[in-house]
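Remarks on the overall topology
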Amino acid sequence: MAMMRRKLVAGNWKMNGLQKDRQFLSDLATLHSETPNADVLLCPPATLLTSMAATRPGWLMLGGQDCAMTQSGAHTGDISAEMLADLGCSHVIVGHSERRADHGETDAVVRAKAQAAIQAGLIPIICVGETLEQRESGLAEAVVVSQLSAGVPECEAGQVVIAYEPVWAIGTGRTASPEDAQAMHAALRAAWSGADSAALRILYGGSMNPGNADALLSQSDVDGGLIGGASLKPDQFASIIRTLR
Ligand code: PGA
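Note that the structure is predicted; figures quoted are calculated from it, not measured.

Some words on the sheet that holds strand β1 (residues 8–12)
If you trace the 8 strands once around the closed barrel, you get β1-β2-β3-β4-β5-β6-β7-β8, paired in parallel fashion. Strand after strand, the sheet turns through a mean of 25° between neighbouring axes, direction not considered. When β1 meets strand β8 (residues 224–227), the two strands line up parallel, connected through 4 bridges. Bridge pairing in β8 places Leu8 opposite Gly224.

Notes on the site of the ligand
Near the ligand you find 13 residues, and of these Lys14, His96, Glu165, Gly171 and Ser207 are the closest. Within the side chain of Lys14, one N or O atom sits 2.7 Å away from an oxygen atom of the ligand. Gly171 is positioned such that a nitrogen or oxygen atom in its backbone is 2.6 Å from an oxygen atom of the ligand. Coverage of the ligand by the protein chains reaches 94% of its 290 Å² of free accessible surface. Of the residues that constitute the shell around the ligand, the class distribution is 4 nonpolar, 7 polar and 2 charged.

Remarks on helix α1 (residues 23–31)
Here α1 has its buried residues at Phe24, Leu25 and Leu28. Each buried residue of α1 sits inside an arc of 100° when the element is viewed along its axis, so together they form one side. Looking at the buried side of α1, the elements it contacts are β2 (39–43), α2 (49–55), β3 (60–64) and α10 (234–242).

Here we look at helix α8 (residues 178–191)
Spanning 14 residues, α8 covers 20 Å between terminal C-alpha atoms, matching the ideal 20 Å at 1.5 Å per step. Within α8 the residues assigned to the buried category are Pro178, Ala181, Gln182, Met184, His185, Ala187, Leu188 and Arg189. On the buried face of α8, the contacting elements are β5 (123–128), α6 (132–136), α7 (140–151), β6 (161–164), β7 (201–205) and α9 (213–217).

Structural notes on the pattern of salt bridges
Under the defined criterion, the tally for this structure stands at 15 salt bridges. A salt bridge links Asp223 to Arg5; the shortest N-O distance between them is 2.7 Å. Taken as a pair, Asp223 in the loop between α9 and β8 and Arg5 in the segment before β1 lie far apart in primary sequence, 218 residues in all. When the shortest N-O distance is used, the salt bridge between Asp223 and Arg189 registers 2.9 Å. Within this pair, whereas Asp223 is found in the loop between α9 and β8, its partner Arg189 is found in helix α8, the two being separated by 34 residues in sequence. In terms of burial, Asp223 and Arg189 fall into one category: buried. Sharing partners across several salt bridges, the network here consists of Arg5, Arg189, Asp221 and Asp223.

Parameters at a glance
Residues numbered from 1 in each chain as written. Predicted model: local features only at pLDDT ≥ 70, side-chain atom pairs only at ≥ 80, totals over all residues. Heavy atoms only, no water. Pairing = 2+ DSSP bridges. Helix = DSSP H or I, 4+ residues; strand = E, 2+ residues; numbered from the N terminus. Axes fitted to C-alpha atoms, helices over the stretch in contact; angles between N-to-C directions. Near = heavy atom within 4 Å. Polar contact = N/O pair within 3.5 Å; in protein donor to acceptor, adjacent residues only side chain to side chain. Areas by Shrake-Rupley, 256 points an atom, 1.4 Å probe, with all protein chains shown as cover. Nonpolar A, V, L, I, M, F, W, Y, C, P; charged D, E, K, R; others polar. Buried < 20%, exposed > 50% of the residue type's maximum accessible area, 1.4 Å probe, protein only. Arc of directions from axis to C-beta. Contact = heavy atoms within 4.5 Å. Expected span 1.5 Å × (residues − 1). Salt bridge = Lys/Arg side-chain N within 4 Å of Asp/Glu carboxyl O.

Structure follows, in structure tokens:
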């Protein structure tokens, strides 16, 4: 039942944010002085996590944007899930389409990263989504369901979050219609292999903004949003959180 699932609003800053942008947290706390009626997560670049962990409002959780497949060792430049947990993170995004495209991450890599996150006590936000070409060929659901089954490790529904992010909607200003998003989220829930699919949280991502958030977030199988561009602006991020009053 949808009622069981608390919504999650997650901001993904991608490769944006310098020390001066720590100001975002006080702006957000001013704009949102009440405890939000949803879980709220911010995933800034790893370079800002330490300082943000010290100054975040109590209701704001922090997450990483990626993690390694192992917890430590000879992997220059990588950051492990254990390191993120050590900083106070609760979540980590894995398998974002930009990482699949820029770094050739396969479903097997995504699954190993999600497994490493769970081992470290983090909740991985596992991203799936079809390209425009796949959607236009009628393959969207098959692609996304196959990414789900290949990219998610054996686990309980409460140990992960899924993010449906159609690649053609990311950073483009185009969004899936609320009906298309709902249909895909329902298909993902139906394809969940565990017994507790009603507990699985499935976020929508791709050009979510204050103007379209309400229509998307009010769909019964849309359990929150993964927000890129609009999460960089405190007023827009606060306004999206406020739609969940
Ligand atoms: P966008 O990004 O909101 O800028 O489209 C979403 C995402 O890629 O997580």
